[in-house]
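Observations on the three-dimensional arrangement
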Amino acid sequence: PTPVLIPLPSSLPKLLEDDFQFILCEGCRKELPNLKLLTCLHTLCLDCLSKNKPVGQCPVCRTAIPQASSISDMDNLLFTNLQARLEIYKKIVGGVDLFCDNCKKAGEFWCSECKEFLCTRCFEAHQRYLKMESHKAVRVIDIRAGSFKDFLKGTGKTSNLFCSNPTHESQIVSVYCKKCKRALCCICALLDSHHTPFCDIRSETRRRQEELGTLSRELKQKRNGFEATYAGLKDEAARLEQVQRETRQLIRQRVEQLVGLIRREEEELLGLVEAKQEQGRRELSRELERVEGVLRRMEAGEQLVEKMNLYATEQEVMDMQPFIKDSLEELLQLPGARDRAQAGDLTECRARLQAL
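Model, not experiment: these values are computed from the prediction.

1. Quick notes on the pattern of salt bridges
- Evaluation of the coordinates by the stated rule reveals 16 salt bridges.
- For Glu302, the salt bridge identified is with Arg223, shortest N-O distance 3.2 Å. Pair noted here: Glu302 is in helix α8 (residues 263-311) and Arg223 is in helix α7 (residues 201-256), with a separation of 79 residues, a long-range link.
- Overall, Glu302 belongs to the buried group, its relative accessible area being 16%.
- Between Arg352 and Glu268 there is a salt bridge whose closest N-O contact spans 2.6 Å. Remark: Glu268 occurs in helix α8 and Arg352 occurs in helix α10 (residues 347-355); sequence separation between them is 84 residues.
- Its relative accessible area of 38% is what places Glu268 among the partly exposed residues.

Right, here's the structure in full:
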């Protein structure tokens with residue numbers, strides 16, 4: 001079966017602010033959990049991914065889906081977490097079931113670090129006991145007065161990373177081991193002499209963001225070349241149609257002069273033109289589809305890197321950056337667009353026509 005390319009929509013359902021339509025599934029355009037990030041950097045929900053397993057291609061750009069018989073291993077943590085924060089924002093704006101998570105009284109504050117609603121009394125205790133932890137609770141009424149983008153700014157782009165070692169799970173990750181390529185807490189770093197050299201975890205996060213930014217800029221430059229080729233292919237397709245129309249007209253004019261004597265030759269010439277033009281049309285169609293798919297992948301890569309830079313937490317960068325990097329590098333390794341396809345060769349047709 002052949003997948004049907006999903007057109008880029010001109011208007012989307014007003015489920016959320018226009019700037020955040022990107023967190024919807026790119027297949028069904030719905031706000032669904034468990035989003036999966038494919039190697040082509042398009043994002044699908046589980047239902048859309050399952051529907052395309054028999055086809056084995058992304059419905060957006062037609063790129064092959066690796067291990068098409070199973071679900072992709074990479075969760076789009078950025079989009080999924082943004083959806084979760086959107087749900088909290090909707091709950092706050094809607095004013096439904098806003099109760100203090102500690103005493104069940106009316107929730108007047110929201111702490112993004114604790115992910116809890118607080119009443120006024122619990123808020124005061126929260127500020128007193130956690131004042132050294134940089135927990136900043138925000139008034140619910142202030143959140144309602146702002147936009148979802150304001151809410152995201154209030155929750156902050158950074159959050160503490162905690163050690164993956166079960167015995168140190170309460171320890172905050174602060175260093176990065178370049179040898180084993182993972183984040184560590186200070187205890188792990190001190191106890192294991194094999195972890196060296198180290199660097200600050202924030203420096204590593206910043207380096208990864210910069211690496212993605214560099215790849216994105218290189219991708220943009222390469223995309224410009226593909227866009228020029230794509231426009232050229234469309235012009236060539238129009239020229240091919242014009243050549244076909246002109247040739248058909250010339251054939252008919254000449255053949256009509258010899259009606260009755262060269263009817264068979266007329267049919268052979270028309271058939272030859274049709275065959276040549278159909279061959280050229282098929283080649284152009286295949287090349288247009290290939291370049292269009294690559295362009296969509298490039299666009300998805302640029303947008304994802306942009307959204308990672310704007311909204312990703314350090315945890316999301318650490319988890320997702322290697323996967324996205326590999327996909328972007330794969331895009332950059334793609335060969336350049338091929339030269340324009342030439343129209344069907346009509347030399348034989350013209351020679352026979354001249355002989356008539």
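2. Concerning unusual backbone geometry
- Phi at Leu41 takes a positive value of approximately 70°, unusual for a residue other than glycine.
- Take Leu41: it is sitting in the loop between β1 (36-37) and β2 (43-44).
- Take Leu41: its relative accessible area is 3%, and that puts it in the buried class.
- For Lys104, which is not glycine, the phi torsion reads 70° and is therefore positive.
- The topology assignment puts Lys104 in the loop between α2 (77-94) and β3 (109-111).

3. Side note on the state of the cysteines
- Summed over the entire model, instances satisfying the criterion amount to zero disulfides.
- For the unlinked cysteine Cys100, the closest cysteine sulfur is that of Cys122, found at 3.6 Å.
- Owing to a relative accessible area of 0%, Cys100 belongs among the buried residues under this scheme.

4. What about the confidence of the model for the protein chain?
- Chain-level statistics for the protein chain give a pLDDT mean of 77 and a share of 78% at 70 or above.
- Ranking the elements of the protein chain by mean pLDDT puts strand β8 (residues 198-200) last with 67 and helix α9 (residues 314-332) first with 89.
- Here residues 1-15 scores under 50 on pLDDT; set against residues more than four positions off or in separate chains, the count is 30 contacts.

5. A closer look at the sheet that holds strand β5 (residues 137-139)
- Strand order in the open sheet formed by three strands is β4-β3-β5, and the pairing between neighbours is antiparallel. The open sheet is flanked by β4 (116-118) and β5, the only strands paired with a single partner. Neighbouring strand axes in the sheet, compared pairwise and without regard to direction, differ in orientation by 30° on average.
- When β3 meets β5, the two strands line up antiparallel, connected through three bridges. Looking at the pairing, Phe109 lines up with Arg139 of β5.
- Its contacts with the sheet place helix α3 (residues 120-129) against β3, β4 and β5, and it is angled at close to 115° to β4.

6. Section: the packing of α7 against α10
- It is at 11 Å that the axes of α7 and α10 come closest, and there the two elements cross at 20°. It follows from the interaxial angle that α7 and α10 lie roughly parallel. When the axes of α7 and α10 are compared, the crossing they make is left-handed. Residues Thr247, Leu250, Ile251 and Arg254 of α7 touch α10, and the partners they reach there are Cys349, Arg350 and Leu353.
- Tallied by class, the residues present in the contact of α7 with α10 amount to four nonpolar, one polar and two charged.

7. Examining the nonpolar core
- Ranked by internal contacts, the top residues of the largest apolar core, which has 56 residues, are Leu78, Leu304, Met308, Ile324 and Leu328.
- Considering each element in turn, this core owes the most residues, eleven residues, to α8.
- Residues from two domains meet in this core; each of domain 1 (18-75) and domain 2 (218-329) gives at least three.

8. A closer look at α2
- Between its terminal C-alpha atoms α2 stretches 25 Å, which fits the 26 Å expected from 18 residues at 1.5 Å a residue.
- Among all positions in α2, only Leu78, Phe79, Leu82, Gln83, Arg85, Leu86, Tyr89 and Ile92 are buried.
- Two residues or fewer after α2 comes Gly95, characterised by a positive phi angle close to 70°.

Here is what the cut-offs are and how they apply
Once a new chain begins, its residue numbering starts again from 1 and follows that chain's sequence as written. For a predicted model such as this one, the threshold for reporting local features is a pLDDT of at least 70, and the threshold for listing and counting side-chain atom pairs is 80 or more; totals across whole chains, interfaces and linings nevertheless cover every residue. Side-chain numbers come from the whole structure's heavy atoms, not from hydrogens or water. Salt bridges, as used here, are contacts in which a Lys or Arg side-chain nitrogen is within 4 Å of a carboxyl oxygen on Asp or Glu. Numbered from the N terminus, helices here are DSSP runs of H or I no shorter than four residues, and strands are runs of E no shorter than two. Note on classification: 1.4 Å probe, protein chains only; a residue is buried when its accessible area is under 20% of the maximum for its type, exposed when over 50%, partly exposed between these limits. Counting rule for disulfides: a pair of cysteine sulfur atoms within 2.5 Å. The pLDDT value tells you how sure the predictor is about a given residue, anywhere from 0 up to 100. The criterion used for residue contact is that any of the two residues' heavy atoms lie within 4.5 Å. DSSP calls a pair of strands paired once it identifies at least 2 bridges connecting them. A fitted line through C-alpha atoms represents every axis, and for helices the fit uses only the stretch in contact; the resulting angles, taken between N-to-C directions, go from 0 to 180 degrees. With respect to orientation, any angle under 35 degrees is reported as roughly parallel, any angle over 145 as roughly antiparallel, any angle of 65 to 115 as roughly perpendicular, and every other angle as oblique. It is the rotation of the near helix from the far one that decides the hand of a crossing: anticlockwise by less than a right angle makes it left-handed, clockwise makes it right-handed. In the scheme used here, Gly and all other residues not listed as nonpolar or charged are polar, with Ala, Val, Leu, Ile, Met, Phe, Trp, Tyr, Cys and Pro taken as nonpolar and Asp, Glu, Lys and Arg as charged. Note on terminology: a nonpolar core comprises buried Ala, Val, Leu, Ile, Met, Phe, Trp, Tyr and Cys residues joined through side-chain atoms within 4.5 Å. Where a domain begins and ends is set by an automatic assignment or by a domain database. Helix span, expected: 1.5 Å multiplied by one less than the number of residues in the helix.

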